[in-house]
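Coordinate analysis (summary)
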2 protein chains.
Amino acid sequence: MSAPHTPDLATLDDQLCFAIYSANTAINRMYRPYLNKLGLTYPQYIALLALWEKDDVTVGALGKRLFLDTNTLTPLLKRLEGMGHLTRTRDPKDERVVRIRLTDQGRALQGQASDALACVHAMASEADVDLKPWIEALGHLRNEALKKAQCAGG
Amino acid sequence: MSAPHTPDLATLDDQLCFAIYSANTAINRMYRPYLNKLGLTYPQYIALLALWEKDDVTVGALGKRLFLDTNTLTPLLKRLEGMGHLTRTRDPKDERVVRIRLTDQGRALQGQASDALACVHAMASEADVDLKPWIEALGHLRNEALKKAQCAGG
DNA sequence: TACCGTTATATCGCACGCGATAAATAAGGA
DNA sequence: TCCTTATTTATCGCGTGCGATATAACGGTA
């Protein structure tokens with residue numbers, strides 16, 4: 001461990017972290033004009049993706065799906081509630097739990113977001129990339145990184 | 001355009017945006033314990049990666065390298081300056097320009113960050129992934145996304 | 001010199017992401 | 001019942017990202 005210097009690995013363009021970091025912000029920017037029309041931020045859109053797939057879930061369950069904690073999710077969900085896209089109600093059977101349910105308005109957003117999807121696929125075809133294996137591999141990478149993060153004492 | 005519904009594409013796990021979004025946060029978390037030891041945040045580390053490769057650059061040039069604007073970089077660089085890792089000095093020939101130069105202390109951090117690099121490579125080998133083509137492909141994807149972001153009126 | 005447009009950096013407000021902490025409820029044992 | 005512990009959600013502070021705006025300095029023209 002602690003090799004003194006690794007010049008061949010230290011350059012920015014050779015770093016996986018920068019590649020993913022900058023690709024993420026770039027895709028965020030690509031989505032932005034479409035999401036602005038809907039009044040949504042990128043993380044709000046991601047959360048809605050999960051809810052469009054399955055709603056009537058607890059904050060904790062949604063957080064596990066998105067790999068986010070309540071300190072991030074609660075304010076985000078409150079904003080989506082304020083816009084009328086979902087409801088946050090305490091579960092009568094267990095008052096600790098808050099259940100998230102989409103409103104009709106929130107469900108209707110899914111159709112309006114199709115322009116963004118079309119843009120992603122246009123980009124993928126222009127970049128000559130088949131998305132499916134990419135998405136799979138990135139998911140695998142994420143799980144490995146999370147495993148490392150756990151054992152390192154995160 | 002504007003297809004009413006695309007259920008086969010709308011699931012979270014089929015989305016490139018979520019795959020990259022969650023992979024990025026996962027890698028951030030993997031780095032965190034190592035960077036905490038150095039008192040650095042993830043974006044600060046990314047900026048230092050660029051500066052270790054080439055310093056004595058303007059804020060604007062560094063921003064182009066990192067795909068970030070001054071509204072993000074200036075406060076970040078001020079914090080790194082406050083820690084003593086770099087200096088920010090106005091160029092006497094053009095007082096608009098601020099030149100960023102690493103201190104010896106800032107340069108010495110590169111060696112101390114090798115544990116994080118080792119962790120990334122351990123993860124890559126455990127995930128059975130050859131990093132090089134990945135990093136290249138992600139860079140290509142980033143450039144295509146930025147192109148889309150530009151023309152869409154970013 | 002004054003004026004004007006451009007360029008480089010900085011500032012402000014808002015929404016994340018997260019470590020740390022708090023508050024409320026539930027579950028189980030004496 | 002009371003007490004203790006665990007679980008779930010919420011709150012606070014700080015550091016990004018970024019749109020919008022401001023400030024300062026340069027370049028060119030008259």
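First, a word on what this report is: a plain description of the structure on this page. In this text the structure is predicted, and so the values were computed from the model without any measurement.

Among the 26 residues in the neighbourhood of DNA strand C, the closest are listed as A:N71, A:E95, B:G60, B:N71 and B:T74. Elements supplying a minimum of two residues to the surface near DNA strand C: α2 (42–53), α4 (70–82) and β3 (94–102) of chain A together with α1 (16–38), α3 (59–66), α4 (70–82) and β3 (94–102) of chain B. In terms of residue class, the surface near DNA strand C is built from 6 nonpolar, 12 polar and 8 charged.

A word on helix α7 (residues 131–151) of chain A. Here α7(A) spans 31 Å end to end across 21 residues, near enough to the 30 Å set by a 1.5 Å rise per residue. Those residues of α7(A) that are buried lie in contact with α1 and α6 (114–126) of chain B.

Contact residues are listed per partner, giving 64 residues for chain A and 64 residues for chain B. Those elements giving two or more residues to the side of chain A that touches chain B turn out to be α1 (16–38), α2, α5 (104–112), α6 (114–126) and α7 of chain A. For the side of chain A that touches chain B, the element with the highest residue contribution is α1(A), accounting for 17 residues. Residue classes in the side of chain A that touches chain B are distributed as 39 nonpolar, 15 polar and 10 charged.

With that settled, consider the sheet that holds strand β1 (residues 57–58) of chain B. Residues and elements named next belong to chain B. If you walk across this open sheet you meet the 3 strands as β1-β3-β2, and the pairing is antiparallel. Looking at strand neighbours, the two that pair on one side only are β1 and β2 (86–91), the edges of this open sheet. As paired strands, β1 and β3 are joined by 2 bridges and run antiparallel to one another. When the bridges of β3 are listed, V57 appears paired with I100.

Time to look at the sheet that holds strand β1 (residues 57–58) of chain A. The 3 strands are arranged β1-β3-β2 (chain A) in an open sheet whose pairing can be described as antiparallel. A single partner strand is all that each edge strand has here, and the edge strands are β1 and β2 (86–91) of chain A.

The next subject is the pairing of β3(B). Residue and element names in this part refer to chain B. By the bridge criterion, 6 bridges tie β2 to β3 in an arrangement that is antiparallel. When the sheet's bridge partners are listed, R90 is paired in β3 with V98. Hairpin remark: β2 followed by β3, antiparallel, with 2 residues in the connecting loop.

Mapping chain A onto chain B calls for a screw motion: a turn of 180 degrees about the axis and a shift of 0.0 Å along it, with 0.0 Å RMSD after fitting. The transformation just described matches what one would write down for a two-fold rotation axis.

To continue, consider the protein's contact with DNA strand D. In the vicinity of DNA strand D there are 27 residues, among which A:T58, A:G60, A:N71, A:T74 and B:N71 approach most closely. Within the residue set of the surface near DNA strand D, elements represented by two or more residues are α1, α3 (59–66), α4 and β3 of chain A together with α2 (42–53), α4 and β3 of chain B. At 5 residues, the largest contribution of residues to the surface near DNA strand D is made by α4(B). Grouping the constituent residues of the surface near DNA strand D by class yields 7 nonpolar, 12 polar and 8 charged.

Below, the discussion takes up the packing of α7(A) against α1(B). Relative to each other, α7(A) and α1(B) sit at 20 degrees, their axes nearing to 8 Å. Considering the angle they form, α7(A) stands roughly parallel to α1(B). Along this stretch, α7(A) crosses α1(B), giving a crossing that reads as left-handed. Note on element contacts: α1(B) touches α7(A) through B:L16, B:A19, B:I20, B:S22, B:A23, B:A26, B:I27, B:R29 and B:M30, opposite A:L131, A:W134, A:I135, A:L138, A:G139, A:L141, A:R142, A:A145, A:L146, A:K148 and A:A149. When its residues are assigned to classes, the contact of α7(A) with α1(B) shows 15 nonpolar, 2 polar and 3 charged.

Glancing now at the environment of A:A127. With respect to the element layout, A:A127 can be found in the loop between α6 and α7. The contacts of A:A127, once residues within four sequence positions are left out, are B:H140, B:L141 and B:E144.

The tendency in soluble globular proteins is for nonpolar side chains to be buried as a group. With 74 residues, the main nonpolar core has A:I20 and B:I20 as its most contacted residues. Among residues more than four places away in sequence, those in contact with B:I20 are A:I20, A:A23, A:N24, A:I27 and A:L138.

The rules we used
- Note on numbering: residues in each chain are counted from 1, in written sequence order.
- Chains and ligands are labelled sequentially in the order written, the chains with letters from A and the ligands with numbers from 1.
- Given that this is a predicted model, residues contribute local features only at a pLDDT of at least 70 and side-chain atom pairs are listed and counted only at 80 or more, while totals for whole chains, interfaces and linings are drawn from all residues.
- Defining nearness, a residue is near a molecule or strand when the C-beta atom obtained from its backbone falls within 6 Å of it.
- For helices the rule is a DSSP run of H or I covering at least 4 residues; for strands it is a run of E covering at least 2, with both sets numbered from the N terminus onward.
- Each residue is assigned to one class: nonpolar for Ala, Val, Leu, Ile, Met, Phe, Trp, Tyr, Cys and Pro, charged for Asp, Glu, Lys and Arg, and polar for all the others, Gly among them.
- Each residue after the first adds 1.5 Å to the expected span of a helix.
- Any two residues are considered in contact once their C-beta atoms, placed from the backbone, lie within 7 Å.
- Between any two strands, at least two bridges found by DSSP are needed for them to pair.
- Least-squares superposition aligns the copies on the C-alpha atoms of those residues with pLDDT at or above 70 in both.
- Simply put, an axis is a line fit to the C-alpha atoms, just over the touching stretch for a helix, and the angle between two N-to-C directions goes from 0 to 180 degrees.
- Working rule for angles: under 35 degrees goes down as roughly parallel, over 145 as roughly antiparallel, 65 to 115 as roughly perpendicular, anything else as oblique.
- Here a crossing is called left-handed whenever its near helix is offset anticlockwise from the far helix by less than a right angle, and right-handed whenever the offset is clockwise.
- We define a nonpolar core as a collection of buried residues of the types Ala, Val, Leu, Ile, Met, Phe, Trp, Tyr and Cys that are connected via C-beta atoms lying within 7 Å of each other.
- Counting other C-beta atoms within 10 Å of each residue's C-beta, where C-beta atoms are placed from the backbone, gives the exposure class: buried for 20 or more, exposed for 12 or fewer, partly exposed between.

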